[in-house]
Amino acid sequence: MGGRIIEVHLNTLSRASSVKLLQNCSHKTLLEDDAVENLVSKCGNHPLSLKVIAGHLQSGFTVPEVASQLDRLPRQPEFSQRLQEMFTALPEQLQGILIKLSVFRTWFDAEAAADVIGCHRVDMKFELHYLKCRHLIEQDDWGQFTRSEPSRPSPQEARYSLHTLTRFFLQDNRTPPMAALYIQAEHNFVKLFWKRLEKIGKLAETNSLDALAQIDDNRVHLEQCLDLLIREGAVPDVSKTKRFHKQYSVCMTWELFLDISKRLKFCQNVAERALKQGNRRSYCFYKAMEAEQLVAKFQYGKAIQMLQKPFAILGELESVDQEEKNSMKLVKALLHYVKAHAFGCMQKNGDALSEIKTSLQQCKSVSGNSYFAARLVNQQGAIYMNMGKYMESLDCHLNAYEILKKSAASDLLLDVPTYLMNIGTGYSEMGKDVRQQKPLEAIKHFEKAIDYYDRSLSTEKRLHMDEYIKP
């Protein structure tokens, strides 16, 4: 949960608590004391055993029938037999629903379940209630542990989950027809959470605090979605300007929950699929993003070499559609940006400056004010900083910050702490430059530097950035 760990000490249920749990879950409060004691003893005060037994009682089994078969704990093979009996007793439609729900590795609500199952949300609520009463799914109250903030209200929608043992049982006991249902559920899962990831990326450009909250809530789902997307062979489209920016926002967002190795693997796989499918523009986009991950791993020469083929492919592409031409310009801008980043890290500042200027020229002819454009301008500032041109560097970083401010009414944006820190560094270096000849002017520069450093740290704390950024 956002990098925070909540430690919870779990002990075995007391006998009184076990009796109460069995009676509440079975809704048979008039069970004879001896019968209850016998069932509780055979379950070893194990909560899941008690809930499974309650499900048997609600399904019509008598207490003697249940007691005669129950003599081992859930970790033993007989537990699977009990689950098999409960699963077989379900109507065929509910069996299919339960199989599809097993695609969720963690919580789900009625809306997500309906999208994955392929039914109306209202109908889904009735089905979930039925399965919950049979104790085949559980209501998940994890939302009550999330931190409460004005921009992050506590979730109102009921959440559910499958116990790990139940999910493993369902995965290990799929017939071919059930396996087909599960594959369809995976496909629907990818569609749902890829769309959600795109929305989070878009939200991050205007309200990063809420975007981070959604990442916090959906982290497991999003990682699972990317894993399945690779396996399915789907290729996100970047053929239009809006689609380019949408995919770039996704790539910007996954920096917060995926480590470099996973990002690299994803880009490699999608680029290969794109090339096989003849989608050369998407191939170039994801090769650029793959090279960017290599830069982050300090493999600068390999990154530059990797960009040669995408540059050659874009040089061959032609289009009569203006939107596709604009998209192509943005992909070229991305390739030049990554190349500039690699050259800059290698201290080849002249080459880096040439590449970033070309990148900006391509980008500004299509999209002047965007998150992507701000990153290009910020990179230009970093190159000028390496060259010792502090005034030019400061102008670039201030410009990058202004571009972001135009897109949102708040400073709570992902890149703002970095841009503010860079501005502070610009003022600091300018102060160092003149402190001997103009000490009073140097003091003013240093004061501004401290102010921007403070704002950077304050914004980072408000965004809880330390909880999300992965190396």
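Everything numeric in this text was worked out from a predicted model, so none of it was measured.

## Some details on the pattern of salt bridges
- As enumerated under the stated definition, the model contains 15 salt bridges in all.
- Between Asp321 and Lys240 there is a salt bridge; the shortest N-O distance is 3.3 Å. Separated by 81 residues along the polypeptide, Asp321 in the loop between helix H16 (308–316) and helix H17 (322–345) and Lys240 in the loop between helix H11 (208–232) and helix H12 (241–254) bring together distant segments of the chain.
- Lys339 is paired through a salt bridge with Glu355; the nearest N and O atoms lie 3.7 Å apart. One end of the pair, Lys339, is in helix H17; the other, Glu355, is in helix H18 (residues 349–364), and 16 residues separate them in sequence.
- Glu355 sits in the buried class, given a relative accessible area of 12%.
- Through salt bridges with shared partners, a single ionic network connects Glu255, Arg375 and Asp415.

## So, helix H14 (residues 280–296)
- Between its terminal C-alpha atoms H14 stretches 24 Å, which fits the 24 Å expected from 17 residues at 1.5 Å a residue.
- Across the 17 residues of H14, 15 count as buried, placing the element largely inside the fold.
- Just past H14, the residue Phe298 takes up positive phi, approximately 70°.

## Some points on the nonpolar core
- The biggest cluster of nonpolar side chains holds 129 residues, and the ones touching the most others in it are Leu101, Trp254, Tyr286 and Leu334.
- Excluding residues within four positions of it along the chain, Trp254 makes contact with Leu226, Arg263, Phe266, Cys267 and Tyr286.
- Cys25, Leu39, Val40 and Ile53 belong to the second-largest nonpolar core, a separate cluster that totals 14 residues.

## Section: the side chain of Ser208
- Among the secondary structure elements, Ser208 is positioned in helix H11.
- Residues within four places of Ser208 in sequence aside, it is in contact with Leu203, Tyr371, Leu412, Leu413, Leu414 and Leu463.

## Observations regarding H17
- For H17, which comprises 24 residues, the first-to-last C-alpha distance of 35 Å matches the rise-based estimate of 34 Å (1.5 Å per residue) to within 8%.
- Sitting at the head of H17, Asp321 places a side-chain oxygen 3.0 Å from the backbone nitrogen of Glu323.
- Of the residues flanking the end of H17, it is Gln347, one or two places downstream, whose phi is positive at about 65°.

## With respect to the sheet that holds strand E2 (residues 138–140)
- Strand order in the open sheet made by the three strands is E1-E3-E2, with antiparallel pairing throughout. The outermost strands of the open sheet, each flanked by one partner alone, are strand E1 (108–109) and E2.
- Direction of pairing for E2 relative to strand E3 (residues 159–161): antiparallel, over a ladder of three bridges. Residue Gln139 lies in a different strand from E3, and its bridge partner there is Tyr160.

## Some words on the layout of surface pockets
- The space that makes up the largest pocket amounts to roughly 980 Å³.
- Each residue belonging to the lining of the largest pocket can be placed in one class, and the counts come to 22 nonpolar, eight polar and seven charged.

## A short note on the packing of aromatic side chains
- Scanning all chains against the criterion turns up 16 aromatic pairs.
- Note on Phe244 and Tyr248: the rings are 6.3 Å apart at their centroids and 10° apart in plane angle, and the pair reads as stacked. A residue pair is termed a helical-turn pair when its members lie 3 or 4 positions apart in one helix, as Phe244 and Tyr248 do in helix H12 at four residues. Here Phe244 and Tyr248 have matching classes, each one buried.
- The interplanar angle of 90° and the centroid separation of 5.5 Å between the aromatic rings of Phe244 and Phe285 together place this pair among those described as edge-to-face. Placement of the pair is Phe244 in helix H12 and Phe285 in helix H14, with a sequence separation of 41 residues. The burial state of Phe244 is the same as that of Phe285; both residues are buried.
- Grouping aromatic residues by their ring pairs yields a cluster made of Trp194, Phe244, Tyr248, Trp254, Phe266, Phe285, Tyr286, Tyr337 and Phe372.
- Residue placement shows Arg159 over the ring face of Trp107; its charged tip is 3.7 Å from the ring centre.

## Some details on the packing of helix H7 (residues 110–117) against helix H8 (residues 121–133)
- Following both chains from N to C, one finds H7 and H8 inclined at 105°, their axes separated by 9 Å at the closest point. When the axes of H7 and H8 are compared, the pair comes out roughly perpendicular. On H8, the residues touching Ala110, Glu111, Ala113, Ala114 and Ile117 of H7 are Arg121, Met124, Lys125 and Leu128.
- Of the residues assigned to the contact of H7 with H8, the class counts are six nonpolar, no polar and three charged.

Conventions used here
- Along each chain, residues carry numbers from 1 onward, in the same order as the chain's sequence is written.
- A pLDDT threshold of at least 70 governs which residues receive local features in this predicted model, and a stricter bar of 80 or more applies before side-chain atom pairs are shown or counted, although totals over entire chains, interfaces and linings include all residues.
- As a convention, hydrogens and water are excluded, and side-chain values are obtained from all of the structure's heavy atoms.
- When a carboxyl oxygen of Asp or Glu is within 4 Å of a side-chain nitrogen of Lys or Arg, the pair counts as a salt bridge.
- Numbering of helices and strands starts at the N terminus; helices are DSSP runs of H or I of at least 4 residues and strands are runs of E of at least 2.
- Partly exposed describes any residue whose relative accessible area lies between the buried limit of under 20% and the exposed limit of over 50%, with all areas from a 1.4 Å probe on protein chains only and scaled to the type maximum.
- Expected helix span is computed as 1.5 Å times (number of residues minus one).
- The nonpolar core is taken to be a set of buried Ala, Val, Leu, Ile, Met, Phe, Trp, Tyr and Cys residues, with the residues joined through side-chain atoms within 4.5 Å.
- By the convention used here, residues are in contact when the closest approach between their heavy atoms is within 4.5 Å.
- Identification of polar contacts relies on pairs of N or O atoms within 3.5 Å, with a donor-acceptor requirement for protein atoms, meaning one able to donate a hydrogen and the other able to accept it, and with residues adjacent in sequence counted only if both atoms are side-chain atoms.
- One bridge is not enough; two strands pair if DSSP finds at least two bridges between them.
- In this analysis the probe radius is 1.4 Å and the grid spacing 1 Å, with only protein atoms considered; a cavity is a set of points the probe fits into but cannot get out of, a pocket is an open set with protein on both sides within 12 Å along at least five of seven lines, and lining residues have an atom within 4 Å of a point.
- Grid points are joined across faces, edges and corners, and a volume is the space filled by probe spheres set on the points.
- When residues are grouped by polarity, Ala, Val, Leu, Ile, Met, Phe, Trp, Tyr, Cys and Pro land in nonpolar, Asp, Glu, Lys and Arg in charged, and all others, Gly among them, in polar.
- Any pair of Phe, Tyr and Trp rings, taking the six-membered ring for Trp, is counted once the centres come within 6.5 Å. Such a pair is stacked with planes under 30 degrees apart, edge-to-face with planes over 60 apart, and tilted for the rest.
- In this scheme, Lys NZ or Arg CZ marks a charge over a ring once it lies within 6 Å of the ring centre and within 35 degrees of the ring normal.
- The convention used is that axes are lines fitted to C-alpha atoms, helices contributing only their stretch in contact, and that angles between N-to-C directions extend from 0 to 180 degrees.
- Put simply, angles under 35 degrees are roughly parallel, angles over 145 are roughly antiparallel, angles from 65 to 115 are roughly perpendicular, and the rest are oblique.

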